[in-house]
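Chain by chain, the residues:
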Amino acid sequence: MSGSEDNLEEGRRLALRLLTDRRADIIAMVAEEETPSSAFYAFLDMTRKTYISNYLDLLKSSIETDDLTDFLGDETFQSYSHAKNGFSMKDVLSVPSAVEKALVRLLSEMASSGDTSGNSALAASVIFSDILGQAETIRAESFTQTRDEVVRFYHSYQEEIDRFPSNLAATLDFSTLLLSAVKKCTELVGAERCAFFTRDLLTNDLHLEAANFDHTGVLDETGVRLDGEVVKKLVHKRKPVVVEGYPRSMPLVSALMKKLKTKTLVLVPLMVRGRNVGVMMMDNVRNPQMFTPETIHLAERFASKVAAAMENARLHGSEQRKLKETMALLEVSRLVTSTLDIDVLLSRLVQITADVCEVGKCSVYMYIEESGRFYPTATFGMFPASEWEISFSEGIMPEDLPAEEAEALLRYETVISDAHLSPFMLRERIEDTGVISLLLVPITSRDRLLGIMVLFYDRERDELESEDLNLVAAIAGQAAIAMENASLYEDLEMSYFSTVKALARAIEVKDPYTYGHSERVTQYAVAIARKLGLDEWALRNIKYAGALHDIGKLGIAKNILNKPGKLSEEEYLHVKSHPQMGDSIIEPVSFLKEPRDIILHHHERYDGQGYPDGLKGEEIPLGARILAVADSFEAMMSDRPYRSALDLHDAIAEIKDNSGTQFDPVVVQVFVETLIEEEAQAVAPEEAEVTGEVEAPPRTTKR
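Residues numbered from 1 in each chain as written. Predicted model: local features only at pLDDT ≥ 70, side-chain atom pairs only at ≥ 80, totals over all residues. Heavy atoms only, no water.

> Which residues make up the overall build of the chain, and what values do they have?
If you tally the helices and strands in the chain, you get 27 helices and 10 strands. Each of the 703 residues in the chain was classed as buried or not, and the buried ones make up 47%. Accessible surface, the chain as shown: approximately 35,400 Å² in total, 51% of it carbon and sulfur. (Helix = DSSP H or I, 4+ residues; strand = E, 2+ residues; numbered from the N terminus. Buried < 20%, exposed > 50% of the residue type's maximum accessible area, 1.4 Å probe, protein only. Areas by Shrake-Rupley, 256 points an atom, 1.4 Å probe, with all protein chains shown as cover.)

Here's what the structure looks like:
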C-alpha cells in the first residue's frame, strides 16, 4: 500500500472514530445560527439535536460501507421535501455546510492537542469535504429541479412578491400548493396566521384546506358559515373584507373572531375567471394595525395567483384521476386476457378497484343460483378478511338486504346502501372502521347475475362521485367477461381431462396390477410441482402427463407386463419402448402437445443413463424429472407380479439413495418434505409430537 493510500485509510479510521466517540462534541460545534430555523426541524417532526444526530449516522454509514447511495439519496429526498414545502435554498444548503465546518474545526483542535496526527486530520477533512461537498451539490440540484424559487437575498422584496405566485402556479399537488401558499402568505404579506378555504357553491359554507395554526375546536369541521353581508362582498362584489372589533351586523364572523381571539380579521376572495372558489383568511394578533390598504392590495394580488394555481391543481387532479382510471381499466383488460385463474384475477380486481376509488375495502361476492346466496370470494382492504367476513361464509341472501335494494340488484342495478342497514357490514365494526356507505355493483353476463362488487366508503351516499360509479360498473363488466371465460375454460378443461382419464383407464384394463397407479402418480407429481412454485399452466401439463405417462404400455404385450419373473433382455428392451409409443399415440391430440415431452422423457436419469435419449441433468424437462420421482415412488409402494410393495420408510430411503444419480436432488428434497408435511397433518398433534413417526399413505393395490 502506498503512502497516500496509508494516509487515506488513517483518515477514514479517524473519521469513523470521530463520528462514533465525539458525537456530542460535533453536535455542540454545529453553530445554531448557521443551521435552519426551528420550522425546518419541526417539519420533520424532529428536534435540531435529533436531526443532526441522524445526519451523522448516515454520514458514518456511508464512510463505513464506502457507498454514498443511501446518504445522497436521503439528501435528494430532503431537499425535494423542503423545497416543496416552502423552505428557502439557503436553509436547505446550510445543513451539509454547517456540519462540515463543525467536523473540520474539531479535527483541527484534535491535531493541535496531539490527539491525532496532522496528516490523519487532513485526510479525514478531505473525506468529509468530498462527501459533504457532493451532498451540497445534490441538494442544490434537487432544490432547483423541484422549485424555481427566487432567494430573497439576491432579489428585491418586490421582485419576490411578483414572482412567487407565478412559480406557485406550477405546483400541481393541491395540498402541497396550499401549504406553500400559507407559508408564503405569512412571509410576503406579513400575516401572523393564515388559512385557505374552498367555498361550497350552493351553501356558501367555507371548508378548511390548509392553515398554519391549531384550528381544533375553533373551526367547525362541517364548514365555516359567513354572514350574508360578508358573502355579498366576497362572492358578488369580489372584494376583500376587513372586519374590526365584533360588529353586531356580522354575528357569525364575530363569533369566529372571538374563538380565534383576534380583533381584526381579513377575508380575501379567491377568484378564478370572475368566479369565487374560496377565501384566504388572515390576522395578526400582535400587530393588527399592519393591514393597511397597501397590504390588502398586496394580499389581493397574492390571492389571485393562488386561486389560479388552485384551479391548475384542480384540473391537473381531474386529469390525473382520469389517467388513473384509464390505466386501471387497461390493467383490468390485460388481466382478463392474460389469466383464466378466476381467484387470481378477482384478487387483483378488488385491489385495483380499492386503489383507484380510494376506499378502505373492496370485495367480490359470487352468486350461486342453486343456493340463492352471495358468497365472499375475493377481498382487499384495511379490514382483515379473517376478522371481517368469516361470519359470512354461509352466504348472504338477497332477502337479507332491504327489499328495494334486493329488487334493484336482481334487476342488475347499482345500489348505494347505508352501513347500518347492510348485511355486508358487521354492526359492531361500523364505528371503528368509519364505514358509512356501501356501493353494490352487480356483475352480470347474458341476463344472469354472477355476483356483486362491494365497496366500503367513509362518505355519505350523496358524496359518492358519479365517476366512481361509472368506473366500478366498467370493472364489474370486465369481471363478468373474465368469470364467463373462466367458466367456459373450466368446462373445456373438464372435457379434455375426461378424455385423458378414459385413455388412462385403457392402460389399467390391460395391466390390472397398476390399477390407480396413474392417479396416484399424478397426485404426487402435482404436489411436488406446487411446492416448487410452478404456475397453473405447468401444473396442468404435469397433471395430463401424470395421467397418461404409461399410455405407451398399450403397445406392450400383456404377458410381458404381467410376467412374474425377471424379464429377458429382449423383453426389457420392448418395455423400454413404451415412452416412444406413448409419444406416438398422443401426437395427434393438439391439446396434449406440451405434456408429450414429459411423457417421452419420464424414464430419463439425472446421470444420463436413462432412456430413450440419455438426457442428463437439466437437459431433462423439469416436468419429466418430477414425474420420474413420483412414478418410481408409487411403483415402490405398490405390489407387482415380480415383487411385493415396500413400506414407506424403505421407499423414501430408496428415493434418497438414488438422489443425484437417477433423480434430480432438488425434486427429491421437495418430494420428501411434501410427504413429511402431509403425514404430519394426518397424525394427531399430540401423537406426532411423541412418536415423530410418519405413517404410509393409504393406497389401493390389486393383483
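> How would you sum up the packing of aromatic side chains? Please name residues and give values.
Counted by the stated rule, this structure contains 11 aromatic pairs. Both rings, one in Phe-40 and one in Tyr-41, keep their centres 5.4 Å apart while their planes meet at 75°; by these two values the pair is edge-to-face. By relative accessible area, Phe-40 is classed as buried at 0%. Both rings, one in Tyr-524 and one in Phe-671, keep their centres 5.6 Å apart while their planes meet at 80°; by these two values the pair is edge-to-face. Pair noted here: Tyr-524 is in helix H18 (residues 517-531) and Phe-671 is in helix H26 (residues 665-682), with a separation of 147 residues, a long-range link. Accessibility expressed as a relative area gives 14% for Tyr-524, which makes it buried. Three or more aromatic residues joined by ring pairs make a cluster, and in this case those are Phe-40, Tyr-41, Tyr-51, Tyr-55 and Phe-71. (Phe/Tyr/Trp six-rings, centres within 6.5 Å; stacked < 30°, edge-to-face > 60°.)

> Which residues make up the sheet that holds strand E4 (residues 264-272), and what values go with them?
Taken together, 5 strands build an open sheet; the order of strands is E2-E1-E5-E4-E3 and the sheet is antiparallel. Bordering the open sheet on either side are strand E2 (206-211) and strand E3 (241-244), each of which pairs with just one other strand. Each adjacent strand pair in this sheet contributes to an overall mean axis angle of 25°, direction not counted. Along the sheet face, helix H9 (residues 174-189) touches strand E1 (193-199), E2 and strand E5 (275-283) and points at about 140° away from the line of E1. Against the sheet, helix H10 (residues 228-236) makes contact with E1, E3, E4 and E5, and its axis sits at roughly 40° relative to E4, the strand it touches most. (Pairing = 2+ DSSP bridges. Axes fitted to C-alpha atoms, helices over the stretch in contact; angles between N-to-C directions. Contact = heavy atoms within 4.5 Å.)

> Account for the sheet that holds strand E9 (residues 437-444), with residues named and values stated.
Within a sheet, each strand pairs with its neighbour through backbone hydrogen bonds, oriented either parallel or antiparallel. Overall, antiparallel pairing links the 5 strands, which are arranged E7-E6-E10-E9-E8 in an open sheet. Unpaired on one side and paired on the other, strand E7 (373-381) and strand E8 (415-418) mark the two borders of the sheet. Here the strands of the sheet are splayed against their neighbours by 25° on average, with no regard to which way each runs. As judged from the 6 bridges shared by strand E6 (residues 361-368) and strand E10 (residues 449-457), these two strands associate in the antiparallel manner. Each residue of the ladder has a partner; that of Ser-363, found in E10, is Val-454. Together, E6, E7 and E10 form the strand contacts of helix H13 (residues 342-357), whose direction differs from that of E7 by roughly 60°. Against the sheet, helix H15 (residues 403-410) makes contact with E8, E9 and E10, and its axis sits at roughly 155° relative to E8, the strand it touches most.

> Let's hear about helix H22 (residues 578-586): which residues, and what values?
If you check which residues of H22 are buried, you get His-578, Pro-579, Gly-582, Asp-583 and Ile-586. Down the axis of H22, the smallest arc covering the buried residues is 145°, so these residues share one side. On its buried face, H22 is in contact with helix H19 (536-548), helix H21 (569-575) and helix H23 (593-600). (Arc of directions from axis to C-beta.)

> Give a description of unusual backbone geometry that names residues and reports values.
Residue Pro-612 is bonded to the preceding Tyr-611 through a cis peptide linkage, with omega at 15°. Within the secondary structure, Pro-612 sits in the loop between H23 and helix H24 (622-636). Of note in the backbone geometry, Arg-238 takes a positive phi value of approximately 60° without being a glycine. In this structure, Arg-238 sits in the loop between H10 and E3. Backbone geometry at Lys-261 places phi at a positive 55°, although glycine is not the residue there. Note that Lys-261 resides in the loop between helix H11 (251-260) and E4. The exposed category is assigned to Lys-261, whose relative accessible area is 67%.

> Please give an account of the nonpolar core that cites residues and values.
By size, the foremost hydrophobic cluster in this structure holds 38 residues, and its most contacted members are Ile-528, Ile-542, Ile-626, Val-629, Phe-633, Ile-655 and Phe-671. Residue assignment for this core shows that the elements contributing at least two residues are H18, H19, H23, H24, helix H25 (648-657) and H26. Take this core: its biggest share by element is 8 residues, from H24. The residues contacting Phe-633, other than those within four sequence positions of it, are Tyr-524, Leu-648, Ala-651, Ile-652, Ile-655, Phe-671 and Leu-675. Listed in part, the 35 residues of the second largest apolar core include Leu-19, Ile-63, Ala-102 and Ile-131. (Core = buried A, V, L, I, M, F, W, Y, C linked by side-chain atoms within 4.5 Å.)

> Summarise a negative patch on the surface; cite the residues concerned and give the values.
Where like charges cluster on the molecular surface, the negative patch consists of Asp-647, Asp-650, Glu-654 and Asp-657. With respect to the helices and strands, Asp-657 occurs in helix H25. Judged by its relative accessible area of 61%, Asp-657 falls in the exposed class. (Patch = residues over 30% accessible without salt bridge, like charges linked within 9 Å, V, L, I, M, F, W, Y side chains within 5 Å. Salt bridge = Lys/Arg side-chain N within 4 Å of Asp/Glu carboxyl O. Lys, Arg positive; Asp, Glu negative; His and termini not counted. Charge placed at Lys NZ, Arg CZ, Asp CG, Glu CD.)

> Pulling in residues and values, what's your account of the packing of H22 against H23?
Packed helices, taken two at a time, are described by the angle their axes make and the gap between the axes. Packing of H22 against H23 leaves a shortest axis separation of 9 Å and a crossing angle of 170°. Between H22 and H23, the interaxial angle falls into the category roughly antiparallel. Two secondary-structure elements touch here, H22 through Pro-579, Gln-580, Asp-583 and Ile-586 and H23 through Arg-596, Ile-599 and Leu-600. Of the residues in the contact of H22 with H23, the class split is 4 nonpolar, 1 polar and 2 charged. (Parallel < 35°, antiparallel > 145°, perpendicular 65-115°, else oblique. Nonpolar A, V, L, I, M, F, W, Y, C, P; charged D, E, K, R; others polar.)

> Explain the environment of Thr-377 to me, using residue names and the numbers behind them.
Relative to the helices and strands, Thr-377 is located in strand E7. For Thr-377, a relative accessible area of 32% gives the class partly exposed. Sequence-wise, Thr-377 and Leu-346 are 31 residues apart; in three dimensions their C-alpha atoms are separated by 7.9 Å. With near-sequence residues (within four places) excluded, Thr-377 lies in contact with Asp-343, Leu-346, Val-364, Tyr-365 and Met-366. One polar contact links the side chain of Thr-377 to the main-chain carbonyl oxygen of Tyr-375, over a distance of 3.1 Å. (Polar contact = N/O pair within 3.5 Å; in protein donor to acceptor, adjacent residues only side chain to side chain.)

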